[in-house]
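In case you want the letters, here they are:
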Amino acid sequence: MWLQIQMQNVARLCETKSILTVNGQFPGTKIIAREGDRFVIKVVNHVQYIVTIHWHGVRQLRSGWADGPAYIAQCPIQTGQSYAYNFTITGQRGTLFWHAHISWLRVTLYGPIVILPKKGVAYPFPQPFKEVPILFGEWLKADTEKIINQALQTGGIPNVSDAYTINGRPGLLYNCSAKGKYYRSRVQAVKVANNVFIRVGCLHHTPQVQPFSWRLGLTPQALLPLTIPPPLES
Ligand SMILES: [Cu+2]
């Protein structure tokens, strides 16, 4: 597997910013493996920063050189250079993540790791219809390298982030959080004996989004306050 580290322009919180990404994706590539698999991941550095990648939570058994922390496990990957991480997942399964492990490049350089059980080994619960990784992160409008360098120089506490993110996107509490997608509901009451009550509620109005939700009930009392958030652009 190849992870190409490159810059990419993305728009968040009303501003466009050039950020570090892997393979042009933010959040980065999902890595899926089975317990017992050997990972060989080649990381290629196409950006002006020196980088390393850490496999967060992976136990490195006799492969400490593949762990990732800069100047502890390895020298950083220089601009234009690459490094092949080579390690085996032993006795672990579940959801982990990978991220950059030098200064604050990890603010955008991260992605999920999914470790499935060995072939033929079942989960102790029913298989879901679909699974979706959810990564909670932070977004800072300013240059994060400047922020952390300044904090290290002065000994002060670094600036707090401008937004929390879910899968790289700020929630609806922030301005310009989500570009609206419009959904048209074509509703028909195909009823026989009972009345059907439908209620449509608007959560808030902005020039970008007009989210709404609706509920259906057989009695007016079934129409509870509407709290379902609108779907976000994926
Ligand atoms: Cu980590």
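Definitions and cut-offs
- Residues numbered from 1 in each chain as written.
- Predicted model: local features only at pLDDT ≥ 70, side-chain atom pairs only at ≥ 80, totals over all residues.
- UniProt positions renumbered as here; feature names shortened; annotations may be inferred.
- Pairing = 2+ DSSP bridges.
- Helix = DSSP H or I, 4+ residues; strand = E, 2+ residues; numbered from the N terminus.
- Buried ≥ 20, exposed ≤ 12 C-beta atoms within 10 Å, placed from the backbone.
- Axes fitted to C-alpha atoms, helices over the stretch in contact; angles between N-to-C directions.

The chain has the name Laccase-4 in an unreviewed UniProt entry, where Capsicum annuum is given as its organism. What the UniProt record of the chain gives under Sequence similarities (unreviewed entry) is the line "Belongs to the multicopper oxidase family."

Trainee: Any chance you could explain the pairing of strand 4 (residues 38-45) here in plain terms?
Mentor: Working note: regular strand, side chains alternate between the two faces of the sheet. The sheet contact formed by strand 1 (residues 2-12) and strand 4 spans four bridges and is parallel. When the sheet's bridge partners are listed, Gln 4 is paired in strand 4 with Val 44. Across seven bridges, strand 4 lies against strand 6 (residues 82-88) in antiparallel orientation. Bridge assignment links Arg 38 to a residue of strand 6, and that residue is Thr 88.

Trainee: Any chance you could explain unusual backbone geometry here in plain terms?
Mentor: With the exception of glycine, the majority of residues adopt a negative phi angle, and the majority of peptide bonds are in the trans configuration. Of the consecutive residues Phe 26 and Pro 27, the connecting peptide bond is found in the cis state with omega at -10 degrees. A positive phi is found at Cys 14, a non-glycine position, where the angle reads about 75 degrees. Topologically, Cys 14 is positioned in the loop between strand 1 and strand 2 (15-22). Accessibility expressed as a C-beta count within 10 Å gives 10 for Cys 14, which makes it exposed.

Trainee: Can you help me understand the sheet that holds strand 11 (residues 169-170) in this one?
Mentor: As a general point, the strands of a sheet are linked pairwise by backbone hydrogen bonds and lie either parallel or antiparallel. In space, the three strands of this open sheet follow the order 9-10-11, with antiparallel pairing throughout. For this open sheet the edge positions go to strand 9 (136-139) and strand 11, each flanked by a neighbour on one side alone. Note: strand 10 (residues 163-166) against strand 11, two bridges, orientation antiparallel. Residue Ile 166 lies in a different strand from strand 11, and its bridge partner there is Arg 169.

Trainee: Quick question: what am I supposed to make of the sheet that holds strand 2 here?
Mentor: Here four strands make up an open sheet; going across it, the order is 2-1-4-6 and the pairing mixed. Because the sheet does not close on itself, it has two edges, and the strands there are strand 2 and strand 6. Between one strand axis and the next, the sheet turns by 30 degrees as a mean value, whatever way the strands run.

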